[in-house]
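Remarks on the overall topology
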Amino acid sequence: MQKSLSNKKSDFLIFLCWAAYTFAYVARLNYNASMVEILSQLGTTKEEAGTVSSCFFFAYGAGQLINGILSKKYNTKYSVAISLAASGLINLAMTFCQGTQQMKILWLFNGIFQSVLWSSIIKTLSCNLADSKLSSAVMVMSTTVAAGTFTAYGLAALFSYLNLSWTLIFYVAALLVTATAILWFVGMSTLAKESKQTKPTEAKTKSNLSFAPAFVVGVVVILICAISNGFIKDGITTWVPSILKEEFGVPSSLSIIVTLLLPVLSVFGTSLVNLLHKKQKDENALNAIFYFASAVLAILIIVTLNLKSVPLTLMLFGSMACLMSAINNVITSVVPLYSRDRIDSGLSAGLLNTFCYIGSTLATSLLGKIADTKGWNDVFICILIFTAVSFAVCCISVAAKRRLKG
């Protein structure tokens with residue numbers, strides 16, 4: 001493919017990338033979405049169940065770094081298709097598990113294969129889209145998390161309501177990612193054939209990458225923000241159904257359905273990023289705004305849990321999801337794509353996603369342990385600490401960069 005495709009082909013490429021990552025998300029979040037049912041049927045603790053997710057996040061995070069480095073050598077037509085197909089087989093194998101020990105191993109390998117995807121997808125977009133299409137790509141790709149989460153939790157809620165086995169969602173996920181693998185391979189082959197090339201042309205990275213103090217400070221802070229974002233975003237998504245069931249007596253199926261509101265609302269966070277980024281190009285300044293608002297929300301959630309108000313609690317959860325989506329969009333899409341002239345997009349996407357999933361790895365098991373031993377109130381005190389520290393670090397970064405430049 002050529003470095004810059006026509007508008008029609010660009011739109012088709014963006015769709016392929018959207019489909020690949022959306023359905024991959026279904027094949028990774030289906031376990032979390034079914035955790036309430038799995039806890040009930042397997043009789044395991046929250047900490048043990050959360051460790052299965054942590055195995056995925058650990059493998060995914062570590063793999064992101066490795067694949068970010070190696071993505072420059074990948075032919076993404078093959079790497080993405082193989083990763084999706086492998087994830088499908090692993091999801092199928094999950095239906096035969098009788099305990100969390102087997103699940104840990106399988107979900108670890110699911111993380112390994114899925115870790116190929118984001119850096120490969122961002123690389124594909126970076127290499128083939130014109131500057132005028134970047135904003136569209138950022139917007140469309142930012143909805144993958146919402147669409148994938150909505151699908152995973154929606155199916156889990158439906159199957160729970162119908163009293164169907166939790167294993168059914170793994171069958172569905174296996175079918176979806178396998179079909180998407182075929183679609184990706186055929187679609188990429190068609191684009192390559194029409195462009196009279198079989199291998200994407202990597203955009204040349206400028207050799208004058210700056211390692212000035214201001215740049216280093218910005219990078220370090222964005223990595224800290226990535227850890228905090230993964231911790232809060234996936235921590236909330238994972239445990240909201242359990243919170244609603246235990247704190248408010250909401251049935252399992254209804255608690256999962258209510259959780260569907262979170263990814264839908266998160267789309268507004270993406271729109272907010274696109275709007276604010278046009279006026280504020282400093283990503284850490286944007287994150288400072290979002291983390292300050294998140295800290296306020298964490299305080300309000302702590303108060304609301306004690307008041308036992310379901311509507312108000314849900315509104316606050318939705319607002320938090322919106323802000324976490326905005327921060328995640330800044331970190332994993334805006335920074336890699338808009339910095340493609342300074343640093344390889346696949347590498348930066350892989351590195352930043354690695355740090356997001358370091359936070360995710362900590363969240364599922366650590367917050368599960370806190371919930372088991374201390375309660376949900378302490379869970380949100382922990383989240384409040386993460387938001388406050390991230391806000392402070394972002395403010396220090398913005399001030400330091402201005403001073404170094406001035």
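Residues numbered from 1 in each chain as written. Predicted model: local features only at pLDDT ≥ 70, side-chain atom pairs only at ≥ 80, totals over all residues. Heavy atoms only, no water.

Before going further, it helps to examine the overall build of the protein chain. Assigned secondary structure in the protein chain consists of 15 helices and zero strands. Of all 406 residues assigned to the protein chain, the portion counted as buried reaches 57%. A fraction of 86% describes how many contacts in the protein chain between residues 6 or more apart in sequence connect residues 24 or more apart. Roughly 16,200 Å² of accessible area belongs to the protein chain as shown, and the carbon and sulfur atoms make up 69% of that amount. (Helix = DSSP H or I, 4+ residues; strand = E, 2+ residues; numbered from the N terminus. Buried < 20%, exposed > 50% of the residue type's maximum accessible area, 1.4 Å probe, protein only. Contact = heavy atoms within 4.5 Å. Areas by Shrake-Rupley, 256 points an atom, 1.4 Å probe, with all protein chains shown as cover.)

Of note, asparagine 128 is situated in helix α6 (residues 117-128). Taking the relative accessible area as the measure of exposure, asparagine 128 reaches 0% and is therefore buried. For the pair asparagine 128 and leucine 13, spaced 115 residues apart in sequence, the C-alpha separation works out to 8.7 Å.

Right, let's talk about the packing of helix α12 (residues 283-307) against helix α13 (residues 310-338) for a bit. The contact between α12 and α13 brings their axes to 9 Å, and the two run at 160°. With respect to α13, the element α12 is oriented roughly antiparallel. When you trace α12 past α13, the crossing you get is left-handed. Split by residue class, the contact of α12 with α13 holds 21 nonpolar, five polar and one charged. (Axes fitted to C-alpha atoms, helices over the stretch in contact; angles between N-to-C directions. Parallel < 35°, antiparallel > 145°, perpendicular 65-115°, else oblique. Left-handed = near helix turned anticlockwise from the far one by under 90°. Nonpolar A, V, L, I, M, F, W, Y, C, P; charged D, E, K, R; others polar.)

A few words now on the packing of helix α1 (residues 7-33) against helix α7 (residues 134-161). α7 packs onto α1 with a crossing angle of 35° between their chain directions and a minimal axis gap of 7 Å. The handedness of the crossing between α1 and α7 is right-handed. In terms of residue class, the contact of α1 with α7 is made up of 16 nonpolar, eight polar and no charged.

On to helix α2 (residues 35-42). Among all positions of α2, only Met35, Val36, Glu37, Ile38 and Leu39 are buried. Remark: glycine 43 follows α2 within two positions and exhibits a positive phi of approximately 65°.

Okay, a nonpolar patch on the surface next. Residues Leu92, Phe96, Leu158, Tyr161, Leu162, Leu164, Leu168 and Tyr171 make up a contiguous nonpolar surface patch of about 790 Å² in total accessible area. At the level of elements, α7 and α8 (168-194) are the ones that each hand at least two residues to the nonpolar patch. Judged by relative accessible area, which is 60%, tyrosine 161 ranks as exposed. (Patch = residues over 30% accessible without salt bridge, like charges linked within 9 Å, V, L, I, M, F, W, Y side chains within 5 Å. Salt bridge = Lys/Arg side-chain N within 4 Å of Asp/Glu carboxyl O.)

For the rest of this paragraph, the subject is the nonpolar core. Counting 106 residues, the largest nonpolar core has Tyr31 and Leu125 as the members making the most contacts within it. Among all residues touching leucine 125, those that are not within four sequence positions of it are Leu13, Ile14, Cys17, Ala137, Met141, Leu337 and Arg340. (Core = buried A, V, L, I, M, F, W, Y, C linked by side-chain atoms within 4.5 Å.)

The subject of this paragraph is unusual backbone geometry. Phi at asparagine 163 takes a positive value of approximately 60°, unusual for a residue other than glycine. Its place among the elements puts asparagine 163 in the loop between α7 and α8. Assessed through its relative accessible area of 70%, asparagine 163 is described here as exposed.

Let us look at the packing of aromatic side chains. Overall, the coordinates contain 14 aromatic pairs when judged by the stated rule. Considering the side-chain rings of tyrosine 21 and tryptophan 118, the 4.7 Å spacing of their centres and the 55° angle between planes classify their relative orientation as tilted. You can see tyrosine 21 sitting in helix α1 and its partner tryptophan 118 sitting in helix α6, a full 97 residues away along the chain. Its relative accessible area of 4% is what places tyrosine 21 among the buried residues. Taken together, the aromatic side chains of Tyr31, Phe56, Phe57, Tyr60, Trp107, Trp166 and Phe170 make up a single cluster linked through ring pairs. (Phe/Tyr/Trp six-rings, centres within 6.5 Å; stacked < 30°, edge-to-face > 60°.)

Relative to the helices and strands, leucine 39 is located in helix α2. When the C-alpha atoms of leucine 39 and alanine 49 are compared, they prove to be 7.0 Å apart, with 10 residues separating the residues in sequence. In this structure leucine 39 touches Thr44, Thr45, Lys46, Ala49 and Ser242, once residues within four positions along its chain are discounted.

As enumerated under the stated definition, the model contains three salt bridges in all. Of the charged contacts in the structure, one is a salt bridge between lysine 133 and aspartate 11, with a shortest N-O distance of 2.7 Å. Separated by 122 residues along the polypeptide, lysine 133 in the loop between α6 and α7 and aspartate 11 in helix α1 bring together distant segments of the chain. Overall, the relative accessible area of 12% leaves lysine 133 in the buried class. On the basis of relative accessibility, which here comes to 40%, the residue aspartate 11 falls in the partly exposed class. Put simply, aspartate 234 and lysine 233 hold a salt bridge, and the shortest N to O gap is 3.5 Å. Comparing aspartate 234 with lysine 233, the two get one shared label, buried.

Position of threonine 22 among the secondary structure elements: in helix α1. Sequence-distant contacts of threonine 22, that is, excluding residues within four places in its chain, are made with Thr144, Ala147 and Gly148.

Moving on, we get to the side chain of lysine 104. Within the secondary structure, lysine 104 is located in helix α5 (residues 100-114). Judged by its relative accessible area of 16%, lysine 104 falls in the buried class. In this view, lysine 104 contacts Glu48, Thr51, Val52 and Cys55; residues no more than four positions away in its chain are not counted.

Below, the discussion takes up the confidence of the model for the protein chain. Caution applies to low-pLDDT regions: their predicted coordinates should not be interpreted in detail. On average, the protein chain scores 82 in pLDDT, and the residues at 70 or more come to 90%. Per-element mean pLDDT across the protein chain ranges from 68 in helix α10 (residues 252-259) up to 95 in helix α4 (residues 76-94). (pLDDT = per-residue confidence, 0-100.)

Turning to the environment of serine 397, a few remarks are in order. For serine 397, the location among the structural elements is in helix α15 (residues 376-405). Its relative accessible area of 1% is what places serine 397 among the buried residues. Taking C-alpha positions, serine 397 is 9.3 Å from isoleucine 222, a pair spaced 175 residues apart along the chain.

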